[in-house]
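Chain by chain, the residues:
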Amino acid sequence: MTDMAIISLVSLIGWLLIAGSAFASYRLGWNKALRMALIWIAIFGGAFLLVGLLM
């Protein structure tokens, strides 16, 4: 593993910790969190499909 790969991995873990703590601060239930995640996946998936069809 190269030095840049290690730095990327450490920074990714740091960003995941920051995002996880921000998400936990909202104190949402699992059902609401799952519903919101599925909505965001549908939004980005639809955008990728739309762009893919137009290209």
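Above this text is the structure in question.
Rules used in this analysis
Residues numbered from 1 in each chain as written. Predicted model: local features only at pLDDT ≥ 70, side-chain atom pairs only at ≥ 80, totals over all residues. Heavy atoms only, no water. Helix = DSSP H or I, 4+ residues; strand = E, 2+ residues; numbered from the N terminus. Rg over C-alpha atoms; globule rule 2.2 N^0.38 Å. Buried < 20%, exposed > 50% of the residue type's maximum accessible area, 1.4 Å probe, protein only. Areas by Shrake-Rupley, 256 points an atom, 1.4 Å probe, with all protein chains shown as cover. Patch = residues over 30% accessible without salt bridge, like charges linked within 9 Å, V, L, I, M, F, W, Y side chains within 5 Å. Salt bridge = Lys/Arg side-chain N within 4 Å of Asp/Glu carboxyl O.

Draft legend 1. Spatial organisation of the overall build of the protein chain. A tally of regular secondary structure across the protein chain gives two helices and zero strands. Scaling as 2.2 N^0.38, a compact globule of 55 residues should have a C-alpha radius of gyration of about 10 Å, whereas the protein chain reaches 16 Å, well beyond that. Each of the three principal axes of the protein chain carries a C-alpha extent, and together these read 40 × 40 × 15 Å. Evaluated residue by residue, the protein chain yields a buried proportion of 2% over its 55 residues. About 5300 Å² of surface is accessible on the protein chain, with carbon and sulfur atoms providing 78% of the total.

Draft legend 2. Structural view of a nonpolar patch on the surface. Taken together, Phe23, Tyr26, Leu28, Met36, Ile39, Trp40, Ile43, Phe44 and Phe48 make up a surface patch of nonpolar side chains, about 990 Å² in accessible area. Among the elements that line the nonpolar patch, the one with the most residues is helix α2 (residues 30-54), at six residues. Relative to the elements of secondary structure, Ile39 occurs in helix α2. On the basis of relative accessibility, which here comes to 44%, the residue Ile39 falls in the partly exposed class.

Draft legend 3. Layout of the environment of Tyr26. Within the element layout of this structure, Tyr26 appears in the loop between α1 (3-25) and α2. Sequence spacing of Tyr26 and Ile13 is 13 residues, and the spatial spacing of their C-alpha atoms is 21 Å.

Draft legend 4. Geometry of unusual backbone geometry. For Arg27, which is not glycine, the phi torsion reads 50° and is therefore positive. Mapping Arg27 onto the fold places it in the loop between α1 and α2. Residue classification places Arg27 among the exposed residues on the basis of a relative accessible area of 76%.

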